[in-house]
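Coordinates in review
Chain residues, written in single-letter form:
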Amino acid sequence: MSAAAGAVNPVYDVEAVRADFPILSTEVHGKPLCFLDSGASAQKPKQVIDLMRWHYENEYANVHRGAYAYSENITGAYEAAREKVRAFLNAPSERNIVFCSNTTAAINLVAYSFGRGCMKEGDEVIISDMEHHSNIVPWQLLRDMMGIVLKVAPITDDGELRMDAFRDLLTDRTKLVAITHVSNVLGSVTPAKQIVDAAHQAGAKVLFDGSQAVMHMPIDVQDLDCDFYAFTGHKLYGPSGIGVLYGKEDVLDAMPPFFGGGDMISTVAYEGSTWAELPAKFEAGTPPIVQAIGLGAAIDYVTGVGLDGIAMHEADLLQYATQRLSAIDGLRIYGTAGHKAAVISFTMGDAHPHDIATIVDREGVCVRAGHHCAEPLMHRFGVTGTTRASFGMYNTRAEVDTLANALEKVKRIFG
Amino acid sequence: MTMTVDELVESFEFFDDWEDRYAYVIDLGKKLPPMPESEMVEENKVRGCMSQVWLVCEKDVAAAPPVLRFRANSDAFIVKGLIAILLELYDGQTPAFILETDALDVMGRIGLDQHLSPNRRNGLVAMVERIKKIAAEAN
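Residues numbered from 1 in each chain as written. Chains lettered and ligands numbered in written order. Predicted model: local features only at pLDDT ≥ 70, side-chain atom pairs only at ≥ 80, totals over all residues. Heavy atoms only, no water.

1. Side note on the overall build of chain A
To keep things clear, this is the line we draw: Numbering goes from the N terminus for both helices and strands, where a helix is a DSSP run of H or I of at least four residues and a strand is a run of E of at least two. Restricting the calculation to C-alpha atoms gives the radius of gyration, and the globule rule supplies 2.2 Å times the number of residues raised to the power 0.38. Note on contacts: a residue pair qualifies if any of its non-hydrogen atoms lie within 4.5 Å across the two residues. For the accessible areas, the method is Shrake-Rupley and the probe is 1.4 Å, while residue cover comes only from the protein chains on display. Under this rule, positive means Lys or Arg and negative means Asp or Glu; His and the chain ends count for nothing. Where a charge lies is defined by one atom per residue type, namely NZ (Lys), CZ (Arg), CG (Asp) and CD (Glu).
Scanning chain A from terminus to terminus reveals 14 helices and 17 strands. A globule of 415 residues ought to have a C-alpha radius of gyration of about 22 Å, and chain A, at 22 Å, matches this closely. C-alpha extents for chain A along the principal axes are approximately 70 × 55 × 35 Å. A separation threshold of at least 6 residues defines the contact pool for chain A, and within that pool the share at least 24 residues apart is 71%. Here chain A displays about 15900 Å² of accessible surface, and carbon together with sulfur accounts for 51% of that area. Computed over 34 positive and 50 negative side-chain charges, the inter-centroid distance for chain A is 3 Å.

Shown next as structure tokens:
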């Protein structure tokens, strides 16, 4: 464990955190890397990289299959990662934790399995107006496949979910509310507990897309009382290729399998097969083994540093960045919710987001430009795209200054 | 719009820092002949991820030999400038010339090849592909 991970000092030691991320000492275009695109994918600490490498070099085999030492050991490591995820979400049991490849896969699993197994034509799914495409398109496919009704809860100009309008959409046909926990574009944190309360009163289940939430704040699925919670490893400083679907046990039990194959069965005969217990029922085929172990290491890392400390550090960055960027003439910030994660989307005069990203890249600054896989939200705000800076546990106020200075350069170039 | 490849490359040799080079690209974009609104429609759109690109082509059979004339636009300034460079290369040229002229090579010579690398989903790569396809069909 690093100094940062073992820190007892209540003051957040961002330099110790940075020292754990090898890539942060690299340069791009001769400038120090200023990585402000963690919302797309976060960088990885050496604890994650080293452990994954160690497994490939020293102890690797398939899981749940072999009777030999390496297979048994790595099965242990893989299942230990599941226990880390369980503790991370404060889920009641490891049976609640389904590994999948990413958040998109987790949401599709719910759409295909819960949707086809537990919903009927005319039943309703409610999403919000600030969803990522991965929480829109699966429901459109389900609508086209079986005639469910897809409803969209509106948001305010600040980017907050309109709870009154949301409540009005709930009916006795609403079977599922699938809403982001933190908007990937606006940073808005949705009022999760209120959403769950309202949905449950209407008899609907709730799925949170936690892709943009888990790295910014502690999550307690029992406290939230949500039925599903989905997130991905690569935004949580872990590897890509591993994601998690948390589901309440009775809900998962009632759902038919989605993918069929090895590892998810109890018995197989041509006349019919029976399914394995949870969570194996939803984990057909060889899973992303070392990726799951890497996710476990990432969880150890962020919990070692402390999510409360990370949240405070990022709140300071958000406040400072909002202040610095707001001072730039012609810059407009999208997403001004009262409760926000460290994400800032903006436009700047006539400069296209693509222009902005291209220019700041030359200063070593990595930002995202475009519609952020949220085209309906772009339409909501009447723009074709924005530029987005998203901050992580390793970013600094100095990097906010680098961004602000690079944006001043954009202004000079585009006049 | 009749700069040769060598003239184009030469015009970029004055700049030794990237900021001036981009400023020049943006300037070229501003001088790009305007594209009528009526042509900036879905069917003329070239698939792009970060910015929008529109392209229209007409075959000029009055010329001898026949040449292809292009009009194009983008909502991003830098992309628009890069389009202007591509049109310097390809507009008013014969299909045979277009097919044998490698845009990536020219962009490399003026230090802008990163914008044409196949993993950039900015519409420019797709635009070059479409120009080549039109040229192949007209050849």
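2. Digging into the overall build of chain B
Threshold: Per-residue accessibility, obtained with a 1.4 Å probe over protein chains only, is compared with the maximum for each type, and a residue is labelled buried under 20%, exposed over 50%, and partly exposed between these values.
Looking only at helices and strands, chain B has six helices and three strands in total. Against the 2.2 N^0.38 benchmark of 14 Å for 139 residues, chain B shows a C-alpha radius of gyration of 14 Å, consistent with a compact globule. Scored against the burial criterion, the 139 residues of chain B give a buried share of 46%. Within chain B, residue pairs in contact and separated by at least 24 positions form 58% of the contacts whose partners lie at least 6 positions apart. Computed over 15 positive and 24 negative side-chain charges, the inter-centroid distance for chain B is 6 Å.

3. Points about the packing of helix α3 (residues 77–90) of chain B against helix α6 (residues 124–138) of chain B
All names here are of chain B. Here is the rule: The axes are straight lines fitted to the C-alpha atoms, using for helices just the contacting stretch, and the angles between their N-to-C directions are given from 0 to 180°. In this scheme, roughly parallel covers angles under 35 degrees and roughly antiparallel covers those over 145, while 65 to 115 is roughly perpendicular and the rest are oblique. Note on convention: the crossing is left-handed when the near helix lies turned anticlockwise from the far helix by less than a right angle, right-handed when the turn is clockwise. Put simply, Ala, Val, Leu, Ile, Met, Phe, Trp, Tyr, Cys and Pro go in the nonpolar bin, Asp, Glu, Lys and Arg in the charged bin, and everything else, Gly too, in the polar bin.
For the pair α3 and α6, the least separation of the axes is 11 Å and the interaxial angle reads 20 degrees. The angle between the axes of α3 and α6 places the two elements in the roughly parallel class. At the point where α3 passes α6, the crossing takes the right-handed sense. Residues V79, L82, I83, L86, L87 and Y90 of α3 touch α6, and the partners they reach there are L124, M127, V128, I131 and K132. Residues that form the contact of α3 with α6 fall into these classes: 10 nonpolar, no polar and one charged.

4. Some points on the UniProt feature "domain: Aminotransferase class V" (unreviewed entry) in chain A
Formally: UniProt positions are given in the numbering used here, feature names are shortened, and annotations may be inferred rather than shown by experiment.
In the numbering used here, UniProt assigns the feature "domain: Aminotransferase class V" (unreviewed entry) to residues 35–403 of chain A. Taken end to end, residues 35–403 of chain A is 40% helix and 18% strand, and its first and last C-alpha atoms sit 10 Å apart.

5. Some remarks on the pairing of strand β11 (residues 265–269) of chain A
On any regular strand, side chains alternate: one points to one face of the sheet, the next to the other face. Residue and element names in this part refer to chain A. Put simply, the rule reads: At least two DSSP bridges between two strands are required for those strands to pair.
Bridge count for β11 against strand β12 (residues 272–275) is four bridges, and the pairing is antiparallel. The partner of I265 across the bridge, within β12, is W275. Between β11 and β12, which pair antiparallel in sequence order, lie two residues.

6. Re the side chain of A:E131
Residue and element names in this part refer to chain A. Stated formally: We define a salt bridge as a side-chain nitrogen of Lys or Arg found within 4 Å of a carboxyl oxygen belonging to Asp or Glu. Within 3.5 Å is the distance limit for a polar contact, defined as a pair of N or O atoms, with the added protein rule that one can donate a hydrogen and the other accept it, and that residues adjacent in sequence qualify only through two side-chain atoms.
Within the element layout of this structure, E131 appears in the loop between β5 (124–128) and α5 (137–146). No salt bridge is formed by the buried E131, whose closest oppositely charged neighbour, R380, lies at an N-O distance of 12 Å. A polar contact is formed between the side chain of E131 and the side chain of N135, at a distance of 2.8 Å. One polar contact links the side chain of E131 to the main-chain amide nitrogen of T180, over a distance of 3.1 Å. Setting aside residues no more than four positions away along its own chain, E131 makes contact with I136, A178, I179, T180, C373 and A374.

7. Regarding the packing of helix α12 (residues 353–361) of chain A against α3(B)
Where α12(A) contacts α3(B), the two axes come as close as 7 Å, and the packing angle between them is 85 degrees. By the angle class used here, α12(A) and α3(B) are roughly perpendicular. Of α3(B), the residues touching α12(A) (which contributes A:H354, A:D355, A:T358 and A:I359) are B:F77, B:I78 and B:V79.

8. Things to note about the pattern of salt bridges
The final tally for this structure, using the stated rule, is 32 salt bridges over all chains. Residue A:D20 pairs with A:K46 through a salt bridge whose shortest N-O separation is 3.0 Å. Of this pair, A:D20 sits in the loop between α1 (14–19) and β1 (27–28) while A:K46 is found in helix α2 (residues 46–58), placing the two residues 26 residues apart along the sequence. Judged by relative accessible area, A:D20 falls into the buried class, the value being 2%. Ionic pairing is found between A:D123 and A:K175, a salt bridge with its closest N-O pair at 3.6 Å. Of the two residues, A:D123 is situated in the loop between α4 (103–118) and β5 and A:K175 in strand β7 (residues 174–180); the sequence distance between them amounts to 52 residues. One continuous salt-bridge network, built from bridges that share partners, spans A:K31, A:E363, A:K409 and B:E19.

9. Some words on the sheet that holds β7(A)
Across a sheet, paired strands are connected by hydrogen bonds in the backbone, their directions being either parallel or antiparallel. Residues and elements named next belong to chain A. Taken in spatial order, the seven strands of this open sheet run β4-β10-β9-β8-β7-β5-β6, and their pairing is mixed. At either margin of the open sheet sits one strand with a lone partner, and together these are β4 (97–100) and β6 (149–153). Between one strand and the next, the sheet's axes are offset by a mean angle of 20 degrees, whatever the strand orientation. Across the sheet, helix α3 (residues 69–89) touches β4, β9 (228–232) and β10 (243–247), and the angle it forms with β4 is around 120 degrees.

10. Quick word on the interface of chain B and chain A
To keep it simple, the criterion reads: Throughout, buried area stands for the accessible area (probe radius 1.4 Å) lost by two parts on being put together, summed over both.
Counting from both sides, the interface comprises 17 residues of chain B and, opposite them, 18 residues of chain A. When the two sides are added together, the surface that chain B and chain A hide from each other amounts to roughly 1600 Å², 62% of it contributed by carbon and sulfur. Of all residues in chain B, B:W18, B:M50 and B:F77 bury the most surface against chain A, accounting for 39% of the area lost on that side. Applying the counting criterion to the chain B and chain A interface returns one salt bridge. A salt bridge links A:K409 to B:E19; its shortest N-O distance comes to 3.1 Å. Linking chain B with chain A are five residue pairs in polar contact (both at pLDDT 80 or more).

11. Focus on the domain arrangement of chain A
All names here are of chain A. Rules: These domain limits were set by an automatic method or by a database of domain assignments.
Examined at the domain level, chain A breaks down into domain 1 (14–32 + 306–410) and domain 2 (49–303). Taking only C-alpha atoms, the centre of domain 1 and the centre of domain 2 are 28 Å apart. At the junction of the two partners, domain 1 supplies 36 residues and domain 2 supplies 32 residues. When domain 1 packs against domain 2, close to 2700 Å² is buried across both sides, 58% of that on carbon and sulfur atoms. Three residues stand out in domain 1 for area buried against domain 2, namely L307, L377 and R380, and they jointly supply 23% of the buried area on that side. Where domain 1 meets domain 2, there are one salt bridge. For D157, the salt bridge identified is with R380, shortest N-O distance 2.8 Å. Elements with a contribution of two residues or more to the side of domain 1 that touches domain 2: α11 (307–326), β14 (343–348), α13 (375–381) and β17 (386–390). The dominant element in the side of domain 1 that touches domain 2, judged by the number of residues it contributes, is α13, at six residues. Looking at side-chain class alone, the side of domain 1 that touches domain 2 contains 19 nonpolar, 10 polar and seven charged residues.

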